[in-house]
Amino acid sequence: MTGTDKLQVKSMEKAYMEKSKSKTGQDRHRIITKSPVIHEILDIIDRAAKTDSSVLLLGESGAGKGLFAERVHVQSRRKDAPFITVNCAAIPDGLLESELFGHVKGAFTSAVSARQGRFEMADNGTIFFDEIGDLPLALQAKILRVIQEKKIEKVGSDVTVNVNVRIIAATNKDIEALVQKGLFREDLYYRLNVLPVYIPPLRERTEDIHELAYFFLENFMQKAKKHFEGFSRDALSAMLSYSWPGNVRELANVIERACIICRDKFIGYDDLFLNSVRFEKKEGADRNLKTAICIFKTGFIRQVLEENNWNQTEAAKALAIQRTYLSRLIKELKIEIP
Ligand SMILES: Nc1ncnc2c1ncn2[C@@H]1O[C@H](COP(=O)(O)OP(=O)(O)O)[C@@H](O)[C@H]1O
Ligand SMILES: [Mg+2]
């Protein structure tokens, strides 16, 4: 990259940040990046945002698909209407239909009162189907109908309601392979895939690692009311060579944990616990067994949840524990579900 290119990227980056700040009045939609590839994606996304076309976000878990989906919304004409997320993997199959379309009182045994579905909630705004690859086939047909006819019917009702929503979908699965296996409807795939956007994993844009690490450090310092001068040299180089299987979400978790543990001025290599959990000698750090177990449990459960697309039933199976016990652990360990 030439000097001028660098300058250009820098000024683009500033413009993007200011734009998203002024739009939202806060940092929530701020996309931190120094990567030219991400800047190109942002450019495409901001242009697509002005239309009503569907956007399909692809990429590994934690790469930022959710953040980019919100970005499409806040840059669109629909920004003042709701942005409604449906995590297709996290909602049990039996509940999905009424979650999406709502139900009338008495539609089924537990329907003690009428309920608005997420399509209606998102009217005039955007509906974001996260983990769309996990959507059961029967519901895929129903969603296709909404896209085509812009109408819904509540479960238990034959009254048709018009809805005006923009659809964004995301998946970390190979959706074309799902289509080939007959697990994902081809017609729905083509409808969603108007603008496919692939968010590269963090290890393929190492220029973002330090940028994001300092950004999260700043955030967590404020949250924890602690102050650090920055990262040690070892910590910085370890972050660059680590493969970040959990991408930006993992980086944020690593920095948060380091902020809790570190008692020096600089966050050190040992505070990062990269490559699984390491408990090496660390002066002054909290080295009691209870803390260590807690840190391990949190990291491990989070990882298994991520591997199972945050589907708690599946994660509980993988962990060989009861689903209810997993829910309790998630609460106790304050694991944030995206
Ligand atoms: N470039 C970025 N700048 C700031 N925060 C980011 C960036 N990319 C991801 N994040 C944050 O990392 C976390 C994981 O991102 P998310 O959008 O949920 O990933 P995905 O949907 O691909 O699993 C979120 O808290 C998100 O806000
Ligand atoms: Mg996500």
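Above this note sits the structure.
Draft legend 1. Representation of the pairing of strand E8 (residues 166–171) within the structure. Here E8 lies mainly inside the structure; 6 of its 6 residues are buried. Neither face of E8 is open: one carries Arg166, Ile168 and Ala170, the other Ile167, Ala169 and Thr171, and all of them are buried. Relative to E8, strand E1 (residues 55–58) runs parallel, the two being bridged by 4 bridges. Note that in E8 the partner of Val55 across the bridge is Ile168. Direction of pairing for strand E5 (residues 126–130) relative to E8: parallel, over a ladder of 4 bridges. From the neighbouring strand, Phe129 faces E8, where its bridge partner is Ala169.

Draft legend 2. Region of the structure containing the pattern of salt bridges. Taken as a whole and judged by the stated rule, the model has 18 salt bridges. Here Lys34 and Glu211 are joined by a salt bridge, their closest N and O atoms 3.9 Å apart. Of this pair, Lys34 sits in the loop between helix H1 (3–24) and helix H2 (36–49) while Glu211 sits in helix H9 (residues 209–224), and the two are 177 residues apart along the sequence. We classify Glu211 as partly exposed; its relative accessible area is 23%.

Draft legend 3. Local environment of the sheet that holds E8. The strand order E2-E5-E8-E1-E9 describes an open sheet built from 5 strands, whose pairing is parallel. Two strands bound the open sheet, and with one partner strand each, they are strand E2 (83–87) and strand E9 (195–198). Averaged over all pairs of adjacent strands, the angle between their axes in this sheet comes to 20°, without regard to strand direction.

Draft legend 4. Quick peek at unusual backbone geometry. Notably, Trp244 is not glycine yet its phi reads approximately 45°, a positive angle. With relative accessibility at 0%, the residue Trp244 sits in the buried group. Residue Asn247 is not a glycine yet carries a positive backbone phi of 55°. Assignment of secondary structure puts Asn247 in helix H11 (residues 247–261). Since its relative accessible area comes to 0%, Asn247 is described here as buried.

Draft legend 5. Focus on the site of ligand 1. If you check the shell around ligand 1, you find 16 residues, and the closest are Ile32, Gly62, Lys65, Gly66 and Arg249. Contact between ligand 1 and Gly62: an oxygen atom at 2.6 Å from a main-chain N or O atom of the residue. Within the backbone of Gly64, a nitrogen or oxygen atom sits 3.0 Å from an oxygen atom of ligand 1. Burial of ligand 1 by the surrounding chains reaches 82%, relative to a free accessible area of 560 Å². Sorting the residues of the shell around ligand 1 by element identifies helix H3 (65–74), H9 and H11 as the ones contributing at least two each. In terms of residue class, the shell around ligand 1 is made up of 8 nonpolar, 4 polar and 4 charged. Built from parts of two domains, the shell around ligand 1 gets at least three residues from each of domain 1 (3–200) and domain 2 (203–332).

Draft legend 6. Spatial organisation of H11. The end-to-end C-alpha separation of H11 is 21 Å, in line with the 21 Å expected for 15 residues at 1.5 Å each. With 12 of 15 residues buried, H11 is to be regarded as a mostly interior element. Within H11, the full set of buried residues consists of Asn247, Val248, Glu250, Leu251, Ala252, Asn253, Val254, Ile255, Arg257, Ala258, Cys259 and Ile261. The inward-facing, buried residues of H11 contact H9, strand E10 (230–231), helix H10 (233–241), strand E11 (266–267), helix H12 (269–272) and helix H13 (289–307).

Draft legend 7. View of the nonpolar core. The biggest cluster of nonpolar side chains holds 31 residues, and the ones touching the most others in it are Leu100, Phe119, Phe129, Ile132 and Phe184. Sorting the residues of this core by element identifies E2, helix H4 (93–101), E5, helix H6 (137–149), E8, helix H7 (175–180) and helix H8 (186–192) as the ones contributing at least two each. Among the elements that make up this core, the one with the highest residue count is H6 (5 residues). Ignoring sequence-local partners within four residues, the contact set of Phe184 consists of Ile132, Gly133, Leu137, Gln140, Ile175, Leu178, Val179, Tyr189 and Leu192.

Draft legend 8. Region of the structure containing the packing of H13 against helix H14 (residues 312–319). Put simply, H13 and H14 touch, their axes get as near as 9 Å, and they point 125° apart. For the element pair H13 / H14, the angle class is oblique. The handedness of the crossing between H13 and H14 is right-handed. Contacts between H13 and H14 involve Phe300, Ile301, Val304 and Leu305 from the first element and Gln312, Ala315, Ala318 and Leu319 from the second.

Draft legend 9. Quick look at the pairing of E5. E5 sits mainly inside the fold: 5 of its 5 residues count as buried. Burial along E5 is two-sided: Thr126, Phe128 and Asp130 facing one way and Ile127 and Phe129 facing the other are all buried. Sheet topology places E2 next to E5; 5 bridges connect them, and they run parallel. Bridge pairing links Thr85 to Phe128 in E5.

Draft legend 10. Broad picture of the state of the cysteines. This model, assessed by the stated rule, comprises 0 disulfides. The cysteine Cys259 is free of any disulfide, with Cys262 supplying the nearest cysteine sulfur at 8.0 Å.

Criteria and cut-off values
Residues numbered from 1 in each chain as written. Chains lettered and ligands numbered in written order. Predicted model: local features only at pLDDT ≥ 70, side-chain atom pairs only at ≥ 80, totals over all residues. Heavy atoms only, no water. Buried < 20%, exposed > 50% of the residue type's maximum accessible area, 1.4 Å probe, protein only. Helix = DSSP H or I, 4+ residues; strand = E, 2+ residues; numbered from the N terminus. Pairing = 2+ DSSP bridges. Salt bridge = Lys/Arg side-chain N within 4 Å of Asp/Glu carboxyl O. Axes fitted to C-alpha atoms, helices over the stretch in contact; angles between N-to-C directions. Near = heavy atom within 4 Å. Polar contact = N/O pair within 3.5 Å; in protein donor to acceptor, adjacent residues only side chain to side chain. Areas by Shrake-Rupley, 256 points an atom, 1.4 Å probe, with all protein chains shown as cover. Nonpolar A, V, L, I, M, F, W, Y, C, P; charged D, E, K, R; others polar. Domains from an automatic or database assignment. Expected span 1.5 Å × (residues − 1). Contact = heavy atoms within 4.5 Å. Core = buried A, V, L, I, M, F, W, Y, C linked by side-chain atoms within 4.5 Å. Parallel < 35°, antiparallel > 145°, perpendicular 65-115°, else oblique. Left-handed = near helix turned anticlockwise from the far one by under 90°. Disulfide = S-S within 2.5 Å.

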